[in-house]
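Each chain, written out:
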Amino acid sequence: MNEILCAVRKLSVTYGKNGGQATALHAVDLDVIAGERLAIIGESGSGKSTLACAVAGLLPEGARMEGKISWPSRNTPPVPGRDIGFVFQDPTASLNPVLTIGEQIAEGARQHLGFGWKKALDKALDLLNQVRIPLPERALAAYPHQFSGGQRQRIAIAAAIAARPSFLIADEATSALDMVVQAEIVSLLDELVRENGMTLLFITHDLALASGFADRVAIFENGHLVERGATQTVLYRPQTAYARSLIANHLDLASPPLLSGSPPP
Ligand SMILES: Nc1ncnc2c1ncn2[C@@H]1O[C@H](COP(=O)(O)OP(=O)(O)OP(=O)(O)O)[C@@H](O)[C@H]1O
């Protein structure tokens, strides 16, 4: 078995909310194994993004964290942006509308790998090829609004991996896309993670989407980690009623139920 990249122990996170306190995570224990594709699954508000932020050291000011997050194979915690790359749901929010695609992707390589502009732009061109943006030379000088939503997400992925992070966190990275484009982005992430030997934390409300490619899944309910294991094991032998209900309903947790109430007699 591969080594542990990140060990989360008894992690609780509480936010100050409306003058009170809200606990987003309750005593979570979870290992992220180097090189794995780990899916974090749960409905909206179950604490998935909070876990990602805590792991990346990016909890907002005012959040109170208890427990421990350690990186057994590293001497120092990873630097977000350099050692950990992020892909978010909305690529328009992570891409700057007034900078060219080339500048935005090259910036990561300049800042974190010490590349000059020429080398960083060459790297950006390579990455645009890797994420399969058509006419990549032309794309370098174009702006985000000139691309489709799926292409913008590919560009955001290229920017996220420009500094060669060993750990990639994709937080609902496909949720804003239609189903065909979702599947393409998942397959691209899967391919990039394998080719570059990265570890992937794939956060989603969509168990079906995650189970298609994740090595392991961790299911969250109301801030509690309720079930985790190899994807096949959890799918075929779920241990908790919650996991069983997700699988039985083949749930996309963001979808409202089609019908409410009891069926007619
Ligand atoms: N900055 C914050 N300040 C106050 N409360 C927060 C903050 N961020 C998250 N929360 C609360 O913490 C809980 C967990 O939120 P979190 O975003 O981690 O869940 P999630 O599973 O990622 O949800 P979603 O899929 O909707 O993003 C929710 O009740 C949310 O309202």
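Summary of the structure given here. In this numbering scheme, every chain counts its residues from 1 along its sequence in written order. Totals for whole chains, interfaces and linings use every residue, but because this is a predicted model, local features are given only for residues with pLDDT of at least 70 and side-chain atom pairs only at 80 or more, for both listing and counting.

Considering the sheet that holds strand β5 (residues 84-87)
To summarise the sheet geometry, strands pair through backbone hydrogen bonds and adopt either a parallel or an antiparallel arrangement.
Argument step 1. The rule for pairing is simple: two strands pair if DSSP sees at least two bridges between them. Only DSSP runs of H or I covering at least 4 residues are called helices, and only runs of E covering at least 2 are called strands; the numbering of each starts at the N terminus. Overall, mixed pairing links the 6 strands, which are arranged β5-β6-β7-β3-β8-β9 in an open sheet. In the strand order of this sheet, the two ends are held by β5 and β9 (224-230), each with one partner. Adjacent strand axes in the sheet meet at a mean angle of 15 degrees, parallel and antiparallel pairs treated alike.
Argument step 2. In the sheet, strand β8 (residues 216-221) pairs with β9 via 6 bridges, with the strands oriented antiparallel. Considered in β9, the bridge of Val-217 is made with Gly-229.
Argument step 3. A pair of residues counts as a contact when their C-beta atoms, built from backbone coordinates, are within 7 Å of each other. Think of each axis as a best-fit line through the C-alpha atoms, taken over the contacting stretch in the case of a helix, with angles from 0 to 180 degrees between the N-to-C directions. Across the sheet, helix α6 (residues 149-160) is in contact with β5 and β6 (167-171); its angle to β5 comes to roughly 170 degrees.

Thoughts on the nonpolar core
Argument step 1. Note on definitions: a nonpolar core is a set of buried residues drawn from Ala, Val, Leu, Ile, Met, Phe, Trp, Tyr and Cys, linked by C-beta atoms within 7 Å. Every C-beta atom is placed from the backbone, and the number of other C-beta atoms within 10 Å of a residue's own sets its class: buried at 20 or more, exposed at 12 or fewer, partly exposed in between. Core analysis: the biggest nonpolar cluster contains 73 residues, and Ala-158 and Leu-168 have the highest contact counts within it.
Argument step 2. Setting aside anything within four residues of it in sequence, one finds Ala-158 in contact with Ile-105, Leu-127, Leu-128, Gln-130 and Val-131.

Considerations on the environment of Met-198
Argument step 1. Tracing the sequence through the fold places Met-198 in the loop between α7 (179-196) and β7 (199-204).
Argument step 2. Distance from Met-198 to Ile-69, taken between C-alpha atoms, is 19 Å for residues 129 residues apart in sequence.
Argument step 3. For Met-198, the contacting residues outside a window of four places in its chain are Pro-165, Ser-166, Phe-167, Leu-168 and Val-193.

Details of the site of the ligand
Argument step 1. The environment of the ligand is formed by 14 residues, the closest being Tyr-15, Ala-24, Ser-44, Ser-49 and Thr-50.
Argument step 2. Among the elements that take part in the shell around the ligand, helix α1 (residues 48-56) stands out by supplying 3 residues, more than any other. Residues are classed as near a molecule or strand if the C-beta position derived from their backbone is within 6 Å of it.

Thoughts on the sheet that holds strand β1 (residues 4-17)
Argument step 1. Overall, antiparallel pairing links the 3 strands, which are arranged β2-β1-β4 in an open sheet. Edge strands, defined here as strands with exactly one partner in the open sheet, are β2 (20-33) and β4 (64-70). In this sheet, neighbouring strand axes are inclined to one another by 5 degrees on average, regardless of whether the strands run parallel or antiparallel.
Argument step 2. Note: β1 against β2, 10 bridges, orientation antiparallel. Each bridged residue has a counterpart across the sheet, and for Cys-6 the counterpart in β2 is Val-32.

Note that all results are geometric; they support no functional claim without further evidence.
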